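Residues per chain, in single letters:
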Amino acid sequence: MNYSPYTGDAVFLAPSGERSRKIWKMLSVVRERVAEVPRTNPLHLLREALASVGGTLPTGLNESGYFVRPAPGVHQDRLFSLEIRSAFDAGVFVSARDGHSIPRQVLGDYRRVALYGTEFLRAERLRQIKALDALEFTDEVIRQRDRLHSQLDALRDFTRMGARQGLDFSRPASNAREAVEWILHAHLAAVAEQGGAAVQLGSLCAFLDIYIQRDMEGGVLTEGEAQELVERLLARVRVVRLIAAQPDAGVQPLHLDDAESMGDAVLQEEARSRTRVTRTSFRLLHALYQLGPVPELAPMVRDGDVLPQGFRIFCESAAKHRCSVGRAPGGGCPDLAVSHGGAHINLNKALLLSVNGGVDEISGYLVIRNREAFTGDVPVYEDVMARLDGVLDALASRWVSAVNAAHFMYARHERERTSLSLVDPDPKYVLTYGLTGLQRVAQLLAAMQQSAVHVDRDDDGLVTDFRVEPQASGLADVDGVCERIGERLRESVARKLREQRHFPGNMRLVETRTMAEPMAAMAD
């Protein structure tokens, strides 16, 4: 990307304008009113707020102000087997959204609309469809043709929507103001299409800085106007985060405090040969610093070896005085096109199932068949590890089956046509999963090596908890035993998931996330 890295300090920044401050204050009032009465109709409030920042509400809203397209998560449950449902019911599988669904997110590259225009993107899809003409009409080829035609329709509908507002999305953006409009409208269309779900906006600072710097050098944009443009972008994204769906309307609710959609869009630095920090990185954080931080927009800095000292100092100053700035480790996982995540496997529960013969200690229901219960009082490390390994084998098969069903429902309902039209035609599908209780399970297993763990049972003889002898509770971390056991469990679960058959065939497991621990990349 032909951007201009910036290694200086914040001396060039201009103060926020009075108009931006008024809009920010008004949006805070809107958020409070929506949050106080979650089921109220926010449509008139949001229409007023969007109009103030030069936007309009997306199509697809009913009279109550909520998205009406059915959510795939609602229908996933009917595809799940009894075994998968029992794992959710027992709390072994836990979803971030609701009881029995696995969220999916398409990371559309909304910059493509500004860079190429929809006419070029439609021509690309038409060439891809023509290339399929020479192939045998297998199930996969037919599905691919259907997906591409659906994406063509999405680009056509998006172009027509812009024309009704006097915006020509068919051509590339010619200046910074158009680039912001093109990107925000594409993002807004994706949000509307996906039922108000949290849709990541992506990395924008370096991209927008190219347009801003070019306009400033051409004398058509001042620093103050550039700052106002960034603030307008933030205000529009904040409005999108306020469009909440009713919990009982059959759609995924938009969590007001969920900052995931902006986590990768704000101040980001990747461990590359040169910094990706630009003047617009400063402008964006400066806007939040001056206007006031809000839960919907949480800035995240991807810290790398080439993070400029001036920007590092500016971030620390903002975090110290007013704006909460999060940090993510440099490098990290590669850019992903379609990600299944937002749910996790409960290792604490898996450990209890392994010693209870696959029976849930709370409900008494059999969750995993053909397991022998542990009948002793002091569990032995080797025996428990063998039992746990068998349970994880069964859970890995069910987990991937649940993800496959979720992917099928998302593909069937075509709720992500706009986002998919802005990625490669054969996107990379990835599976992310969370592990909760990893640290505690590793500590228990380490203590079992010392025969210092006893089991607590209920009246039915089921193990309900593990009790570590006081004198052994502090010895488990000696010589990194817990860390090695935890890493062994992490690698074991990842290996078992990779061995399963995924839908589609190019699905890859790329990462795991553990509670209160940093993300760890899992190599293919």
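Our subject is the structure that appears above.
Residues numbered from 1 in each chain as written. Predicted model: local features only at pLDDT ≥ 70, side-chain atom pairs only at ≥ 80, totals over all residues. Heavy atoms only, no water.

Draft legend 1. Fine view of the overall build of the chain. The secondary structure content of the chain amounts to 18 helices and 11 strands. Going through the 524 residues of the chain one by one, you find that 54% of them count as buried. For the chain, the share of sequence-separated contacts (at least 6 apart) that also reach a separation of at least 24 residues comes to 77%. Accessible area for the chain stands at about 23,000 Å²; split by element, carbon and sulfur atoms hold 50% of it. (Helix = DSSP H or I, 4+ residues; strand = E, 2+ residues; numbered from the N terminus. Buried < 20%, exposed > 50% of the residue type's maximum accessible area, 1.4 Å probe, protein only. Contact = heavy atoms within 4.5 Å. Areas by Shrake-Rupley, 256 points an atom, 1.4 Å probe, with all protein chains shown as cover.)

Draft legend 2. Quick peek at unusual backbone geometry. We note that Asn370 has phi near 60°; this positive angle belongs to a residue other than glycine. By the secondary structure assignment, Asn370 is in the loop between α14 (347–355) and α15 (381–413). For Asn370, a relative accessible area of 77% gives the class exposed.

Draft legend 3. Quick peek at empty space enclosed by the protein. Enumeration over the complete set of coordinates arrives at five cavities of 30 Å³ or more. Lining the largest cavity are 10 residues, with Ser20, Ile23, Glu231, Arg232 and Ala235 positioned closest to its centre. Sorting the residues of the lining of the largest cavity by element identifies α1 (18–36) and α10 (223–241) as the ones contributing at least two each. (1 Å grid on protein atoms, 1.4 Å probe; cavity = no way out; pocket = protein on both sides within 12 Å on 5 of 7 lines; lining within 4 Å. Points joined across faces, edges and corners; volume = space filled by probe spheres on them.)

Draft legend 4. Local environment of the side chain of Asp360. Within the fold, Asp360 resides in the loop between α14 and α15. In terms of polar contacts, Asp360 uses its side chain to reach the side chain of Ser363, at 2.8 Å. Beyond its immediate stretch of four places on either side in the chain, Asp360 contacts Ala90, Lys349, Leu353, Tyr365, Val367 and Leu462. (Polar contact = N/O pair within 3.5 Å; in protein donor to acceptor, adjacent residues only side chain to side chain.)

Draft legend 5. Quick look at α14. Within α14, eight of the nine residues are buried, which leaves it mostly tucked inside the rest of the structure. Three or more residues of α14 are buried, namely Leu347, Lys349, Ala350, Leu351, Leu352, Leu353, Ser354 and Val355. In the stretch just after α14, Gly357 is the one whose phi turns positive, near 70°.

Draft legend 6. Up close: the nonpolar core. One finds Leu445 and Phe466 to be the most contacted residues of the largest nonpolar core, which totals 53 residues. Listed by contribution, the elements that provide at least two residues to this core are α4 (82–89), α14, α15, β7 (429–436), α17 (438–448), β8 (453–457), β9 (463–468) and α18 (481–498). Each residue touching Phe466, except ones within four places of it in the same chain, is listed here: Leu351, Leu352, Val355, Arg440, Leu444, Met448, Val453, His454 and Val455. Listed in part, the 47 residues of the second largest apolar core include Ala179, Val230, Ala235 and Val237. (Core = buried A, V, L, I, M, F, W, Y, C linked by side-chain atoms within 4.5 Å.)

Draft legend 7. Structural detail: α17. In terms of residue burial, α17 counts as a mostly covered element, since eight of its 11 residues are buried. Of all the residues in α17, the buried ones are Leu438, Val441, Ala442, Leu444, Leu445, Ala446, Ala447 and Met448.

Draft legend 8. View of the pairing of β8. One ladder, built from five bridges, connects β8 with β9; its direction is antiparallel. Among the inter-strand pairings, Arg457 is bridged to a residue of β9, identified as Val463. The turn joining β8 and β9, which pair antiparallel and follow one another in sequence, is formed by five residues; a positive phi near 85° is taken by Gly461. (Pairing = 2+ DSSP bridges.)

Draft legend 9. Up close: the pattern of salt bridges. Per the stated rule, a full pass over the model turns up 27 salt bridges. We note a salt bridge from Lys496 to Asp389, for which the minimum N-O separation is 2.9 Å. Here Lys496 is found in helix α18, whereas its partner Asp389 is found in helix α15, with 107 residues between them in sequence. The class for Asp389 is partly exposed, based on a relative accessible area of 30%. One continuous salt-bridge network, built from bridges that share partners, spans Asp109, Arg111, Arg112 and Asp424. (Salt bridge = Lys/Arg side-chain N within 4 Å of Asp/Glu carboxyl O.)

Draft legend 10. Focus on the packing of aromatic side chains. Under the criterion given, the structure shown has 12 aromatic pairs. When the ring of Phe12 is compared with that of Phe282, the centres are 5.9 Å apart and the planes differ by 70°; the resulting orientation is edge-to-face. Linking Phe12 in the segment before α1 with Phe282 in helix α12 (residues 279–291), this pair joins segments that are 270 residues apart in sequence. Using a relative accessible area of 0% as the deciding quantity, one classes Phe282 as buried. In textbook terms, an aromatic cluster arises when at least three aromatic residues are bridged by ring pairs, as seen for Tyr6, Phe12, Phe282, Phe311 and Phe314. (Phe/Tyr/Trp six-rings, centres within 6.5 Å; stacked < 30°, edge-to-face > 60°.)

Nothing here speaks to function; it is all geometry.
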